[in-house]
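Residue-level listing of the chains:
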Amino acid sequence: MIKSGREPLIIEDLILSDLTKDMEVTKSLGGGSLIGVPIYYKDGENYGTLCGMDLRPFHFTENHKDLFKAMAKLLGNVLDLQKKNLQVQMLSVPLVPIFDDMAVLPLIGEVDSERTSRVIEHTLTEAAKGELEHIIIDLSGLARIDSRSVENLMLISNSLKLVGVRITYTGIRPDLARKVNLLQYTFKDNTFKSTLKQAIQSIRKGS
């Protein structure tokens with residue numbers, strides 16, 4: 001096994017190096033050269049290695065080393081941004097398991113179109129695993145409620161119903177309650193409970 005470190009691994013002739021001369025890949029290639037630079041996230045976690053190969057022996061200069069180091073650092077920065085973006089997306093859709101068949105989705109902030117899409121994608125993925133039957137959507141942390149928010153909530157609810165997941169809403173504030181009353185026909189197939197405890201108890205009694 002070739003051990004990687006922070007510095008580039010450089011093998012100018014695969015046939016002559018003790019690290020690679022007996023490898024099957026070296027025999028199949030008939031020789032060549034290799035440079036490998038580790039790629040790290042900013043927290044120090046290793047992602048992998050950026051490699052460059054030639055089918056002929058090759059002398060790598062300091063410029064070559066610096067170029068590969070720069071590319072590895074750039075890739076590390078891009079991967080770090082992707083990793084952080086994924087973490088932010090997961091935090092914006094915090095589906096919390098309660099039982100094997102039940103989870104809570106606390107919505108905090110706003111329910112815009114982009115977030116609605118993420119919620120639907122994530123919850124449908126979890127529902128597709130086969131065990132999730134109930135999702136309690138808690139609305140007490142929403143910053144504001146408007147007609148578009150109500151429409152987005154219904155998109156989430158209707159999407160989950162299509163795969164057999166039953167929805168219970170909790171944390172209904174007065175401003176939302178007024179809008180729900182105005183749109184009763186839209187929410188007629190949904191269950192509403194004042195608190196998370198009441199919702200869980202109701203679902204367990206009915207199961």
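Residues numbered from 1 in each chain as written. Predicted model: local features only at pLDDT ≥ 70, side-chain atom pairs only at ≥ 80, totals over all residues. Heavy atoms only, no water.

**What about helix α3 (residues 113-127)?**
Residue pairs spaced three or four apart in an α-helix point in one direction, given the helix's 3.6 residues per turn.
Part 1 of the reasoning: Here α3 spans 21 Å end to end across 15 residues, near enough to the 21 Å set by a 1.5 Å rise per residue.
Part 2 of the reasoning: What α3 keeps buried is the set Arg115, Thr116, Arg118, Val119, Ile120, His122, Thr123 and Ala127. (Helix = DSSP H or I, 4+ residues; strand = E, 2+ residues; numbered from the N terminus. Expected span 1.5 Å × (residues − 1). Buried < 20%, exposed > 50% of the residue type's maximum accessible area, 1.4 Å probe, protein only.)

**Description of the packing of aromatic side chains**
Part 1 of the reasoning: Per the counting criterion, the structure on display carries 3 aromatic pairs.
Part 2 of the reasoning: On the numbers, 5.1 Å between centres and 70° between planes, the contact of phenylalanine 58 with phenylalanine 60 is edge-to-face.
Part 3 of the reasoning: A relative accessible area of 31% means that phenylalanine 58 is categorised as partly exposed.
Part 4 of the reasoning: According to the relative accessible area criterion, phenylalanine 60 is buried, its value standing at 8%.
Part 5 of the reasoning: A centroid spacing of 5.4 Å and a plane angle of 20° characterise the contact between tyrosine 169 and phenylalanine 192, whose relative ring orientation is stacked. (Phe/Tyr/Trp six-rings, centres within 6.5 Å; stacked < 30°, edge-to-face > 60°.)

**A short note on the sheet that holds strand β3 (residues 46-54)**
Part 1 of the reasoning: The 3 strands lie next to each other as β1-β2-β3, forming an open sheet whose pairing is antiparallel. Two strands close off the open sheet at either side, each with one partner strand: β1 (9-11) and β3. Going across the sheet, the axis of each strand differs from the next one's by a mean of 15°, ignoring polarity. (Pairing = 2+ DSSP bridges. Axes fitted to C-alpha atoms, helices over the stretch in contact; angles between N-to-C directions.)

**Points about the side chain of threonine 26**
Part 1 of the reasoning: Looking at the element boundaries, threonine 26 is found in helix α1 (residues 24-29).
Part 2 of the reasoning: For threonine 26, the contacting residues outside a window of four places in its chain are Leu14, Ile15, Thr20, Lys21 and Gly31. (Contact = heavy atoms within 4.5 Å.)

**Here we look at the pairing of strand β6 (residues 134-142)**
Part 1 of the reasoning: Burial of β6 is extensive: 7 of the 9 residues sit out of reach of the surface.
Part 2 of the reasoning: As paired elements, strand β5 (residues 102-109) and β6 share 7 bridges and run parallel to each other. Following the sheet pairing, methionine 102 is matched in β6 by histidine 134.
Part 3 of the reasoning: Assessed by its sense of winding, the connection that carries the chain from β5 through α3 to β6 is right-handed.
Part 4 of the reasoning: By the bridge criterion, 5 bridges tie β6 to strand β7 (residues 166-170) in an arrangement that is parallel. Paired with isoleucine 135 across the bridge in β7 is isoleucine 167. (Right-handed = clockwise from strand over helix to strand, strands pointing away.)

**A word on the packing of α3 against helix α4 (residues 147-162)**
Part 1 of the reasoning: The contact between α3 and α4 brings their axes to 10 Å, and the two run at 15°. When the axes of α3 and α4 are compared, the pair comes out roughly parallel. The handedness of the crossing between α3 and α4 comes out as right-handed. Every residue of α4 that contacts α3 at Ser113, Thr116, Val119, Ile120, Thr123 and Leu124 is listed here: Arg148, Asn152, Leu155, Ile156, Ser159 and Leu160.
Part 2 of the reasoning: Split into classes, the residues belonging to the contact of α3 with α4 amount to 6 nonpolar, 5 polar and 1 charged. (Parallel < 35°, antiparallel > 145°, perpendicular 65-115°, else oblique. Left-handed = near helix turned anticlockwise from the far one by under 90°. Nonpolar A, V, L, I, M, F, W, Y, C, P; charged D, E, K, R; others polar.)

**Some thoughts on a nonpolar patch on the surface**
Part 1 of the reasoning: On the surface, Val25, Leu29, Met53 and Leu55 cluster together into a nonpolar patch covering about 380 Å² of accessible area.
Part 2 of the reasoning: Within the fold, methionine 53 resides in strand β3.
Part 3 of the reasoning: Residue class for methionine 53 comes out exposed when judged on its relative accessible area of 52%. (Patch = residues over 30% accessible without salt bridge, like charges linked within 9 Å, V, L, I, M, F, W, Y side chains within 5 Å. Areas by Shrake-Rupley, 256 points an atom, 1.4 Å probe, with all protein chains shown as cover. Salt bridge = Lys/Arg side-chain N within 4 Å of Asp/Glu carboxyl O.)

**What to know about the environment of lysine 129**
Part 1 of the reasoning: Tracing the backbone shows lysine 129 in the loop between α3 and β6.
Part 2 of the reasoning: Of the residues examined, lysine 129 reaches a relative accessible area of 59% and is grouped as exposed.
Part 3 of the reasoning: At a separation of 3.1 Å, a polar atom in the side chain of lysine 129 contacts the side chain of glutamate 126. (Polar contact = N/O pair within 3.5 Å; in protein donor to acceptor, adjacent residues only side chain to side chain.)

**Structural notes on the nonpolar core**
Part 1 of the reasoning: Ranked by size, the top nonpolar core spans 21 residues in total, and within it Leu105, Leu107, Ile135, Ile137, Leu139, Ile156 and Ile167 carry the most contacts.
Part 2 of the reasoning: Counting 9 residues, the second largest nonpolar core, distinct from the first, contains Ile35, Phe68, Ala72 and Leu79. (Core = buried A, V, L, I, M, F, W, Y, C linked by side-chain atoms within 4.5 Å.)

These results come straight from atomic positions and should not be treated as a statement about function.
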